[in-house]
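Take a look at the letters that make up each chain.
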Protein chains: 2
Amino acid sequence: MTAYLEAAERAATFVPHAFDEHLVDLGEVRMNYAVAGDPSRPALLLIPAQSESWWGYEAAMGLLAEHFHVHAVDLRGQGRSTWTPGRYTLDNFGNDLVRFIDLVIGRPTLVSGLSSGGVLSAWLSAFAKPGQVRAAVWEDPPLFACEIAPAVGQGIGQAIGPVFAAWNKWLGDQWSIGHWDGLMRAMPAELPFEILRNLAAMIPPGETADPAAGPPQNLREYDPEWGRAFVSGAATASCDHASMLARVRVPVLQTHHFRTVDAETGRLIGASSDDQARRAREIVTAAGGRVDYRSFPDMPHSMHEHDPKQYAATVLDWVATLDRPTNSTEE
Amino acid sequence: MTAYLEAAERAATFVPHAFDEHLVDLGEVRMNYAVAGDPSRPALLLIPAQSESWWGYEAAMGLLAEHFHVHAVDLRGQGRSTWTPGRYTLDNFGNDLVRFIDLVIGRPTLVSGLSSGGVLSAWLSAFAKPGQVRAAVWEDPPLFACEIAPAVGQGIGQAIGPVFAAWNKWLGDQWSIGHWDGLMRAMPAELPFEILRNLAAMIPPGETADPAAGPPQNLREYDPEWGRAFVSGAATASCDHASMLARVRVPVLQTHHFRTVDAETGRLIGASSDDQARRAREIVTAAGGRVDYRSFPDMPHSMHEHDPKQYAATVLDWVATLDRPTNSTEE
């Protein structure tokens with residue numbers, strides 16, 4: 001039984017940002033968020049990736065704020081939202097967002113999430129309260145590939161899992177270890193070679209990523225127990241992706257970025273394989289849903305951070321089609 | 001990936017009841033419920049036990065309706081609510097109830113649940129949205145004792161687990177087997193002797209329980225996958241009871257009924273042991289919460305079905321104390 005940690009108990013961690021931050025009490029957690037744009041515009045909810053805080057969307061928010069009333073959140077265990085040891089699951093993350101839409105947005109919203117946040121965008125597409133979600137963008141979501149034993153393709157152990165495992169091992173649940181130098185020294189030895197060779201294409205080293213400067217800000221705000229919860233399967237338990245996808249009830253845009261499957265080991269480097277991304281669309285379509293697909297094979301995992309203009313344009317172009325019923329696939 | 005099952009797809013299962021039934025769309029599930037009493041009275045939410053439908057409260061509802069606006073629900077996988085294969089967890093059951101309080105009750109409510117429903121009453125005491133729950137009755141809840149590896153005392157395998165396992169084995173997920181005669185023949189062989197010897201004190205054979213007449217109505221309305229989810233630990237994963245109890249934020253009445261620990265095997269027959277019930281109170285109290293305790297050592301597991309008058313009086317007596325700040329323990 002480990003105590004919850006509120007932002008005030010980790011106050012030295014944080015740095016200022018261009019948008020004001022707010023805290024809303026959702027019951028179990030206090031969720032931190034930032035808002036941009038005029039409330040008269042359509043609502044948009046942005047859901048960050050694992051190890052990302054809301055401000056990963058800062059550049060994109062500036063662009064999207066001309067068109068939407070934008071809300072970007074910290075999920076439990078990330079940023080200034082409550083850290084909840086033992087309780088990092090897709091269903092808990094997802095139901096936090098259901099409460100957030102109710103209590104803060106208060107009207108039907110578009111949702112867009114990256115990576116784990118993209119899986120949560122899928123979760124909301126399937127499981128939100130009626131009328132909460134108008135349409136959903138899934139930005140490079142690890143559908144199937146973040147499960148332990150997925151219906152199709154590589155599980156997390158055959159994908160990005162070793163990176164999360166290394167973070168958790170050297171930094172510890174709630175940063176209880178915090179051995180950054182040890183992590184830096186261990187990565188070349190503990191990560192499979194095929195990850196080391198391809199990781200930069202998926203996650204380019206950023207300007208702030210000088211390892212000698214210590215942990216980057218996004219990791220400092222991240223509870224490394226998240227990583228363990230995904231590697232162990234606790235986070236994805238009782239939320240089979242095939243079953244979830246069959247329940248999708250709103251129009252979806254799925255983007256698919258850099259990915260490669262190592263010929264020798266079969267390991268996936270990327271959020272999902274072509275087979276997994278295709279199977280996800282097949283399930284949604286077979287259940288009567290609409291899913292549009294855009295492949296960006298040279299794009300890093302986070303389009304919204306690496307190329308915020310392309311991300312904003314992709315969202316806007318697709319949203320403009322929502323009144324036109326189509327089911328296009330562009331590969 | 002098994003399809004969800006709505007009540008309409010199992011329509012032949014059901015029988016008429018004294019109160020009208022209603023269906024509300026919560027997003028993932030359609031939840032069935034019945035209402036009694038005048039809407040001007042305080043709201044009360046009743047949460048049935050595992051293998052119980054809302055109408056297990058029918059007699060109690062008649063008594064409570066003089067004092068409350070009473071809502072009794074079917075949880076997912078029980079009664080006329082949606083069956084959701086693979087998704088029976090405390091967090092999903094609990095968040096269904098959060099949505100139900102929002103969409104149907106619409107104001108702060110008292111909650112009272114039996115057994116698994118009592119654990120969900122505890123879950124709501126800790127994790128509901130701010131202001132949703134005024135106070136909570138935990139009717140003989142298997143705190144700790146329905147977990148796989150609890151912080152204190154017997155886990156479910158050392159308690160009622162073999163009963164749930166036998167139901168699931170012979171009836172099958174979603175009644176896919178339905179071998180009632182086989183179950184009846186197997187029980188004496190598959191259940192530990194100490195359960196067989198004591199079960200009648202915990203769950204007295206009811207008027208409808210003639211095994212030759214086939215499965216009782218409550219079991220016919222129950223998805224036996226519930227049993228497997230609890231025995232495997234899937235239902236209770238990522239919801240450690242000690243951690244949950246430390247988050248309780250509303251006044252609580254805990255009732256504790258028949259229980260015994262077999263001297264030879266250490267098996268618990270009953271919802272929770274004295275140690276477990278005491279430890280639950282200690283954790284709530286240490287976190288600054290109020291928990292009152294009433295022991296009914298001769299009472300079967302379901303007071304509200306076995307002795308609805310005693311149940312209604314117990315709830316009413318306690319609710320009358322809510323304006324008086326006390327922390328009494330009566331054993």
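Below, the structure is looked at part by part. (Residues numbered from 1 in each chain as written. Chains lettered and ligands numbered in written order. Predicted model: local features only at pLDDT ≥ 70, side-chain atom pairs only at ≥ 80, totals over all residues. Heavy atoms only, no water.)

### Focus: the relation of the copies chain A and chain B
And step 1. Each copy of the sequence occupies a distinct position, and chain A is placed on chain B by a rotation of 180 degrees and an axial shift of 0.0 Å, giving an RMSD of 0.0 Å. Within this description, the copies of the chain are treated as partners about a two-fold rotation axis.
And step 2. With an isologous cut-off of 70% or more, the 100% of interface residues of chain A that recur at the interface of chain B puts this contact in the isologous class. (Least-squares fit on C-alpha atoms with pLDDT ≥ 70 in both. Contact = heavy atoms within 4.5 Å.)

### Some remarks on the interface of chain A and chain B
And step 1. Each partner contributes to the interface: chain A provides 32 residues, whereas chain B provides 33 residues.
And step 2. Roughly 2,600 Å² is buried in total at the junction of chain A and chain B, and carbon and sulfur atoms are behind 49% of that figure.
And step 3. Put simply, chain A and chain B have four salt bridges between them.
And step 4. The partner of R87(A) in a salt bridge is D91(B), and the shortest N-O contact between them spans 2.9 Å.
And step 5. Inspection of the chain A/chain B interface yields 14 residue pairs in polar contact (both at pLDDT 80 or more).
And step 6. Secondary structure elements with two or more residues in the side of chain A that touches chain B: helix 2 (90–105), helix 3 (116–127) and helix 9 (241–245) of chain A.
And step 7. Of the residues belonging to the side of chain A that touches chain B, the class tally is 13 nonpolar, seven polar and twelve charged. (Buried area = accessible area lost by both parts, 1.4 Å probe. Salt bridge = Lys/Arg side-chain N within 4 Å of Asp/Glu carboxyl O. Polar contact = N/O pair within 3.5 Å; in protein donor to acceptor, adjacent residues only side chain to side chain. Helix = DSSP H or I, 4+ residues; strand = E, 2+ residues; numbered from the N terminus. Nonpolar A, V, L, I, M, F, W, Y, C, P; charged D, E, K, R; others polar.)

### Quick word on the nonpolar core
And step 1. Residues L45(A) and L124(A) are the most contacted members of the largest nonpolar core, which totals 71 residues.
And step 2. Contact partners of L45(A), with chain neighbours within four places excluded, come to H71(A), V73(A), L97(A), F100(A), I101(A), I105(A), T109(A), L110(A), V111(A), S112(A) and L124(A).
And step 3. Within the second largest apolar cluster, 69 residues are counted, among which are Y88(B), F127(B), M187(B) and A280(B). (Core = buried A, V, L, I, M, F, W, Y, C linked by side-chain atoms within 4.5 Å. Buried < 20%, exposed > 50% of the residue type's maximum accessible area, 1.4 Å probe, protein only.)

### Some details on the packing of aromatic side chains
For any pair of aromatic rings, the description rests on two quantities: the centre-to-centre distance and the angle between the ring planes.
And step 1. For the structure on display, the rule yields 20 aromatic pairs over all chains.
And step 2. Here the aromatic rings of F19(B) and W54(B) are separated by 6.4 Å at their centres, their planes lie at 75 degrees, and the arrangement is edge-to-face. Of this pair, F19(B) sits in the segment before strand 1 (21–25) while W54(B) sits in the loop between strand 3 (43–47) and helix 1 (58–64), and the two are 35 residues apart along the sequence. The pair formed by F19(B) and W54(B) is uniform in burial state, with each residue classed as buried.
And step 3. Here the aromatic rings of Y57(B) and Y311(B) are separated by 6.2 Å at their centres, their planes lie at 50 degrees, and the arrangement is tilted. With a gap of 254 residues between them, Y57(B) in the loop between strand 3 and helix 1 and Y311(B) in helix 12 (residues 308–320) connect regions that are remote in the sequence.
And step 4. Residue Y57(B) is classed as buried on the basis of its relative accessible area of 0%.
And step 5. Residue classification places Y311(B) among the buried positions, given a relative accessible area of 2%.
And step 6. Site record: aromatic cluster; members linked through ring pairs are Y88(A), F93(A), F164(A), W167(A), Y222(A), W226(A) and F230(A).
And step 7. Residue placement shows R247(A) over the ring face of Y4(B); its charged tip is 3.8 Å from the ring centre.
And step 8. Over the ring of Y293(A) we find R281(A), and its NZ or CZ is 3.6 Å from the ring centre. (Phe/Tyr/Trp six-rings, centres within 6.5 Å; stacked < 30°, edge-to-face > 60°. Lys NZ or Arg CZ within 6 Å of the ring centre and 35° of its normal.)

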